[in-house]
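A structural walkthrough
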Amino acid sequence: EIQPVILSGGSGTRLWPLSREAYPKQFLPLAGELTMLQATWERVASIAARGPLVIANEEHRFVAAEQLQQVGAEPAAIILEPAGRNTAPAIAVAALEATRDGGDSLLLVLPSDHVITDADAFRLAAQQAAGIAAAGKLVTFGIVPTGPETGYGYIKAASGEGARAVERFVEKPDLAAATDYVASGQYYWNSGMFLFKASRYLQELERFQPAMLATSREAWSKARRDADFTRLDKEAFAAVPSDSIDYAVMEKTADAIVVPLDAGWNDVGSWTALRDVSQQDGDGNAHQGDVIAIDCRNTYAYGQRLVAMVGLDDVIVVETDDAVLVGKGDRMQEVKAVVARLKAEG
Ligand code: GDD
Ligand code: MG
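Reading the values: the criteria
Residues numbered from 1 in each chain as written. Chains lettered and ligands numbered in written order. Predicted model: local features only at pLDDT ≥ 70, side-chain atom pairs only at ≥ 80, totals over all residues. Heavy atoms only, no water. Domains from an automatic or database assignment. Contact = heavy atoms within 4.5 Å. Buried area = accessible area lost by both parts, 1.4 Å probe. Salt bridge = Lys/Arg side-chain N within 4 Å of Asp/Glu carboxyl O. Buried < 20%, exposed > 50% of the residue type's maximum accessible area, 1.4 Å probe, protein only. Helix = DSSP H or I, 4+ residues; strand = E, 2+ residues; numbered from the N terminus. Arc of directions from axis to C-beta. Phe/Tyr/Trp six-rings, centres within 6.5 Å; stacked < 30°, edge-to-face > 60°. Pairing = 2+ DSSP bridges. Axes fitted to C-alpha atoms, helices over the stretch in contact; angles between N-to-C directions. Parallel < 35°, antiparallel > 145°, perpendicular 65-115°, else oblique. Left-handed = near helix turned anticlockwise from the far one by under 90°.

So, on to the domain arrangement of the protein. As assigned here, the protein comprises domain 1 (2–267) and domain 2 (271–344). Relative to domain 2, the C-alpha centre of domain 1 lies at a distance of 29 Å. In this complex, domain 1 contributes 15 residues to the contact, which on the side of domain 2 involves 21 residues. Between domain 1 and domain 2, a total of about 1600 Å² is buried, with carbon and sulfur atoms accounting for 65% of that surface. At the boundary of domain 1 and domain 2, one finds zero salt bridges.

What follows is about helix α5 (residues 175–184). Buried within α5 we find A177, A178 and Y181. The buried side chains of α5 occupy one side of the element, clustering within an arc of 100° when seen end-on. Turned more than 90 degrees away from the buried face of α5 sit L175, A176, D180 and A183, all of them exposed. At its buried positions, α5 is contacted by β7 (153–157), β8 (164–171) and β9 (187–197). Phi for G185, located one or two positions after α5, is positive at around 70°.

Attention now moves to the packing of aromatic side chains. All chains considered together, the criterion is met by ten aromatic pairs. Each ring, one from W189 and one from W265, has its centre 6.5 Å from the other, and the planes form 55°; the classification is tilted. Note that W189 is positioned in strand β9 and W265 in strand β13 (residues 265–267), a separation of 76 residues in sequence. Assessed through its relative accessible area of 6%, W189 is described here as buried. Residue W265 is classed as buried on the basis of its relative accessible area of 10%.

With that settled, the discussion passes to the sheet that holds strand β17 (residues 324–328). Across the sheet, four strands lie side by side as β14-β15-β16-β17; this open sheet has mixed pairing. Two strands bound the open sheet, and with one partner strand each, they are β14 (286–294) and β17. Each strand of the sheet is rotated relative to its neighbour by a mean of 20°, with strand direction disregarded. Bridge analysis of β14 against strand β15 (residues 300–310) gives eight bridges, and the strand direction is parallel. Pairing of Q288 across the sheet is with Y302, part of β15.

For the rest of this paragraph, the subject is the packing of helix α3 (residues 87–98) against helix α7 (residues 210–221). Close contact between α3 and α7 brings their axes to 9 Å; oriented N to C, the two are set at 55°. Comparing the axis directions of α3 and α7 gives the class oblique. Here α3 and α7 pass one another in a crossing that is right-handed. Residues A88, P89, A92, V93, L96 and E97 of α3 touch α7, and the partners they reach there are M212, S216, R217 and W220.

Side chains carrying opposite charge are able to pair once their charged atoms draw close together. Tallied over the full model, the rule gives 19 salt bridges. A salt bridge links D113 to K25, with the shortest nitrogen-to-oxygen separation between them at 3.3 Å. Here D113 is found in the loop between β4 (106–111) and β5 (114–116), whereas its partner K25 is found in the loop between β1 (2–8) and α1 (36–44), with 88 residues between them in sequence. Relative accessible area serves as the criterion here: at 17%, D113 is assigned to the buried category.

This is how it looks when you write it as structure tokens:
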């Protein structure tokens, strides 16, 4: 009984100027025809017992509903947050919703901003994980790390192979620690996807974050419901402490299992990451839209109007109606600083 839960409340600032507050990356077709949200649903539709539980910001309700409808997703609910409180409360209200009629189901928690190239391998891993979660475990999907990325969670697995106990979960370590973890060969990256019984997640929250559970429950029980949306109570939700599931639960639980995942997973957090997962030509260039590249290597260009590039290496160009971004491939994390500057200048 797999119930997909799609987290769709992030802001995706590193993909500016395409990703905007009004239209963040999960609603954009960044890696193909479908938007990231649509691709997330399509990937799991065949193993889902029913339509997805989607948790999004109030502001994005129409985009979310319309995009789900376009792929025939018939959501179990679209739960709207008046303001983001990070992922732990978002998953809490999903779990409350899933246990609403006294039922229980296996929540397959999915960020809406990942690329997975081998959907079959992912579904197999999810089905394996479902058996483990049914026995009361909290399953995370582990990715073999390719470098000491500090933006990820790290999972130390018990020795052995295949699905096994998590000995330690460290969210976003510093560079020195991440370097040690990768060198040890004992750690996976946390993919950010989880599978557990709704009731089991609520138990762990009760144990580790009782105030978060109580306030989330309050906001959820006072929610206003209509045919399309479940709107969490604004005042009550504002009182919910903000934290991610990684810090709030996964670092603390003693009951986590890691299922290794080799499915071409990528968190497309930056333009460089997007280049790396896109179809590339023989020189490492990847383009979307109207682009001409002459004698270029390792470029990524996104053009709404025609973009022409000559003699460039490792350069990113993103052209939209009201802004153009040009930068070096290895500096794309700093796009955040552009957004911060724009905000400061109002
Ligand atoms: N509904 C809702 N509300 N969704 C949210 C909120 C919120 O307040 N905040 C974030 N999300 C959504 C984002 O849209 C994204 O789909 C997902 O939750 C994860 O949030 P991120 O903010 O992207 O997390 P992260 O990338 O820093 O870290 C997580 O993912 C990494 C892998 O990509 C962690 O789980 C790490 O441990 C993991 O390695
Ligand atoms: Mg992320």
